[in-house]
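Structure assessment
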Amino acid sequence: MQKTKLQEFIDVLEDRTGIPGAISHFMGEEIPASSGWHQIFGSVALFMILVQFFTGIMMAFNYAPTPGLAYDSLRYIMTEVTGGRLMRGLHHWGASMIIVIVVLHMLQVFIYGAYKKPREATWMVGVILLLLTLAYGLTGYLLAWDNRAYWGTVVTTQIGATVPGVGPYISRLLASTGDIGVVTFARFYSLHVLALPPLTMMLIAFHVILVRRHGVAPLPGDESKPKKKFYPEQVFKDTVAIFVAFAILFTLAIAVKVPLERMADPTDTKYVPRPEWYFLFLFQTLKMFDGPLEVLGTVVFPSLAILAMLSAPFVDRAKMVQVRQRTVAIGIVLLAAIGWGGLTLAAVKSTPPQSAAAEIDFSGPVQWMQLKSSELSGIHYFKEQKCDVCHNVTAGGEAKNGPNLLGTGGRHDQAWMLDHFKNPQKGNPTSAMPAVNLNADQMNDLAAGMAALTVDNGDLVANTPQFATHGAALYQQNNCAACHKLNGVGGEMGPPMNGLAGRRTEAWSAEHFINPQKMSPGTPMPVYNFNKTEMDDLLQYLFTLPDKAPGA
Amino acid sequence: MSDTNPTPPGMHRRGFYQTVIYALNALMGAALAVPTLIYLLVPPKGRKPSAYVDAGDVSQLTVGVPVEMSFQQSRVDGWRAITEKKTAWVVKNADNSVVAYGPQCTHLGCAYHYEESTKKFICPCHTSYFSIQGAVLSGPAPRALDRYQTRIENNRLMVGVLKPSDGSQA
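Worth saying up front: this structure is predicted, and the values here are computed from it rather than measured.

Let's talk about the overall build of chain A
Helix and strand counts for chain A come out as 25 helices and four strands. For 552 residues, the compact-globule estimate of 2.2 N^0.38 gives 24 Å, and the C-alpha radius of gyration of chain A, at 31 Å, exceeds that figure by more than 25%. Reported as C-alpha extents along the three principal axes, the dimensions of chain A are approximately 95 × 75 × 45 Å. Split into buried and exposed, the 552 residues of chain A put 34% on the buried side. Expressed as a percentage of contacts within chain A between residues at least 6 apart in sequence, the contacts between residues at least 24 apart total 77%.

A word on the sheet that holds strand β5 (residues 113-115) of chain B
All names here are of chain B. Pairing is antiparallel in the open sheet, where four strands are placed in the order β5-β6-β7-β8. With partners counted over all chains shown, the strands left at the sheet margins are β5 and β8 (136-138), one partner each. Neighbouring strand axes in the sheet, compared pairwise and without regard to direction, differ in orientation by 40 degrees on average. Pairing of strand β6 (residues 120-123) with strand β7 (residues 128-130), which is carried by three bridges, proceeds in the antiparallel orientation. Residue pairing across strands places C123 opposite S128, the latter belonging to β7.

Focus: the pairing of β6(B)
Residue and element names in this part refer to chain B. On β6, burial follows the alternation: F121 and C123 on one face are buried, whereas K120 and I122 on the facing-out side are not. Between the antiparallel neighbours β5 and β6 lie four residues, among them K119 with a positive phi of about 55 degrees. Hairpin remark: β6 followed by β7, antiparallel, with four residues in the connecting loop; positive phi at T127, about 45 degrees.

Some details on the domain arrangement of chain A
Looking at the assigned domains, one finds that chain A contains domain 1 (24-273) and domain 2 (378-458). Centre-to-centre, using C-alpha coordinates, domain 1 of chain A lies 52 Å away from domain 2 of chain A.

Thoughts on the nonpolar core
Residues and elements named next belong to chain A. Ranked by internal contacts, the top residues of the largest apolar core, which has 63 residues, are V44, M48, I98 and I101. Among the secondary structure elements, those contributing two or more residues to this core are α3 (41-60), α4 (69-79), α5 (84-111), α6 (120-142), α7 (147-161), α9 (182-214) and α10 (230-255). A per-element tally of this core places α5 first, with 13 residues. Look past the residues within four positions of I98 in its chain and what remains in contact with it is A45, M48, I49, Q52 and T133. The next biggest cluster of nonpolar side chains, apart from the first, holds 37 residues, and it includes M417, A448, M497 and F543.

Here we look at the packing of helix α17 (residues 414-422) of chain A against helix α19 (residues 440-451) of chain A
Residue and element names in this part refer to chain A. Interhelical geometry of α17 versus α19 gives an angle of 125 degrees and a closest axis separation of 9 Å. Between α17 and α19, the interaxial angle falls into the category oblique. Handedness of the α17/α19 crossing: right-handed. In this structure, α17 contributes Q414, M417, L418 and F421 to the contact, and α19 contributes M443, L446, A447, M450 and A451. Partitioning the contact of α17 with α19 into residue classes produces eight nonpolar, one polar and no charged.

Let's talk about the interface of chain A and chain B
Between chain A and chain B, the contact holds 25 residues from the first and 21 residues from the second. Of all elements in the fold, only α3, α4, α5 and α10 of chain A reach the threshold of two or more residues within the side of chain A that touches chain B. The element contributing the most residues to the side of chain A that touches chain B is α10(A), with nine residues. Residue classes in the side of chain A that touches chain B are distributed as 15 nonpolar, five polar and five charged.

Let's talk about unusual backbone geometry
Residues and elements named next belong to chain A. Here K117 and P118 are connected by a cis peptide whose omega angle stands at 10 degrees. As for its placement among the helices and strands, P118 is situated in the loop between α5 and α6. Following Y231, the chain continues into P232 via a peptide bond in cis, with omega recorded as 5 degrees. Tracing the backbone through its elements, the reader meets P232 in helix α10. Residues other than glycine seldom take positive phi values, yet W145 does so here, at roughly 50 degrees. Residue placement: W145 occurs in the loop between α6 and α7. The phi dihedral of N487 is positive, around 45 degrees, even though this residue is not glycine. Residue position: N487 is located in the loop between β3 (485-486) and β4 (489-490). Given 23 C-beta atoms within 10 Å, N487 falls into the buried group.

About the thresholds
- Residues numbered from 1 in each chain as written.
- Chains lettered and ligands numbered in written order.
- Predicted model: local features only at pLDDT ≥ 70, side-chain atom pairs only at ≥ 80, totals over all residues.
- Helix = DSSP H or I, 4+ residues; strand = E, 2+ residues; numbered from the N terminus.
- Rg over C-alpha atoms; globule rule 2.2 N^0.38 Å.
- Buried ≥ 20, exposed ≤ 12 C-beta atoms within 10 Å, placed from the backbone.
- Contact = placed C-beta atoms within 7 Å.
- Pairing = 2+ DSSP bridges.
- Axes fitted to C-alpha atoms, helices over the stretch in contact; angles between N-to-C directions.
- Domains from an automatic or database assignment.
- Core = buried A, V, L, I, M, F, W, Y, C linked by C-beta atoms within 7 Å.
- Parallel < 35°, antiparallel > 145°, perpendicular 65-115°, else oblique.
- Left-handed = near helix turned anticlockwise from the far one by under 90°.
- Nonpolar A, V, L, I, M, F, W, Y, C, P; charged D, E, K, R; others polar.

In structure tokens, the structure reads:
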């Protein structure tokens, strides 16, 4: 029989490199008859790690690893690079999914007793790989350099510093003795992208070699049945599982926005730091120990947990038995799951809600923060008067009855607009626009708001949160600008509104509206009795203002 | 294996497994490869070309004598907005119109200079010569010198974006 060209090529390749033989040797591994769907998790975890490497490299192509610029470049990835939001989504959700999959992998091995002799080393390498996975999460958390990243890392490094004896050295190692700064950032970045990946790859290779050395763990009864081959049946099952995981990851990356908060602000006194969900149980454990007992939560219990995992194969030396008879193992898993779930739930419930300022997604456009209160108020009336029924304010939006108002400030002055609002037919006899029913002050704001709609501001109206426009309208109606300066406009009798978030809490300010004399005796500030919605919106607006007026 | 025997029953399933393995891997490969190519190859979203900036007084220029003028131009560099020093070779024509050439040779981007004795621009890297009108006289340069968009306001030269010259001028 004559060989095909392909077969000839493969034969030469085999002779010179041995690669085809190695592949078929790997794929032809004999596995026990009981192998099946329960053993997919290892392959899925490996696949997800590779996706993380890939998306991480892609992000690094557009990333400046230094505080400040890190934030700018991540924002650039998310707002200006096509597909950048997807890349970050894949990397962010991939990190969470790896934790889930690695834990499922360990649970399967634990419940099936697959860590027992002679597979102790395989299990222990696996435990180290779990710790490395957590180390990725910890170091990667800082790299966005937003408030969340900064404050989360402040807490993490402080915990490290409390470890008796070695605490100060951990701080020095992470360069976190004083503040979290450029050196800390460089250490975290280097760990995340330089130190951890090769270490992970080596340990994964060792882990897989050990699996091959001892073979996939059989179940009692497997000895009497004929062995199966890894390829194609188990590869098929692994591939299907990988595909399901990938589909979930892709859906998460597209459908669930990964937030980017404001840039790290070490002076923000209101920020409530919280770790990633998989660290919440540790976060909660810490809360239960105060003072001298704190070391229990920071060092003793985590160390004991790691030690317990590492020593599991040596403690449990009994012969391998059927899964159904492994009640102790299943009991331990259930207890751990309940404990973990309870702690996580308690952490979620007991963490106070984040302030409005922290909830704004800075990966979207935030030009509205630069606007004057009159302009924002104008956008409020634009929406309230339903101007958007006939007027489009987005670039390239669908045609409506009235003209697109983008760039309207360049075409008409405020006087023209005021005339047009009062008597639309004056300038254009055929106009179908009804007269705008607002008082003179509101009309002025509307004109100011429309003038702010420049051609490159095509998403301004859509991206301005409701609390901001409503808050600004209230600010204008109550003539706050007579005494207060906001974004460069207003009087100087009262304190400026920019930077209020750094000076006061929302609770203080709310009380100050209702009872100014109580909060600052002798103040000329009048009493304002806002209802709840008004108070909330106005406070949110004032507390999300930039710290400094634009251009100041 | 002989062709006369019927296919063993397990072989059908084997074929199915293989098809699914290849199909799913191809699907996932494409789902990663396509967004990656878009991510790497599509230029970042549109930025406004920078506005015209003042490069200096042109009333004192001598007709036909190139002068190197410098100016500060802002541009967006990835995630940074930067203001940097740029230069242009500026020539006043007989009709008082002014041309501003980009300071790099169109061959491989070396900085060229004006040679007073021959009244030519010369690039030292691979000896491309350009006339005062910007045309290629000799050497490997593929096209005429690139020009900035310019306009004159009150005798001040306002410089805009650098436009590559089209090949026809060469």
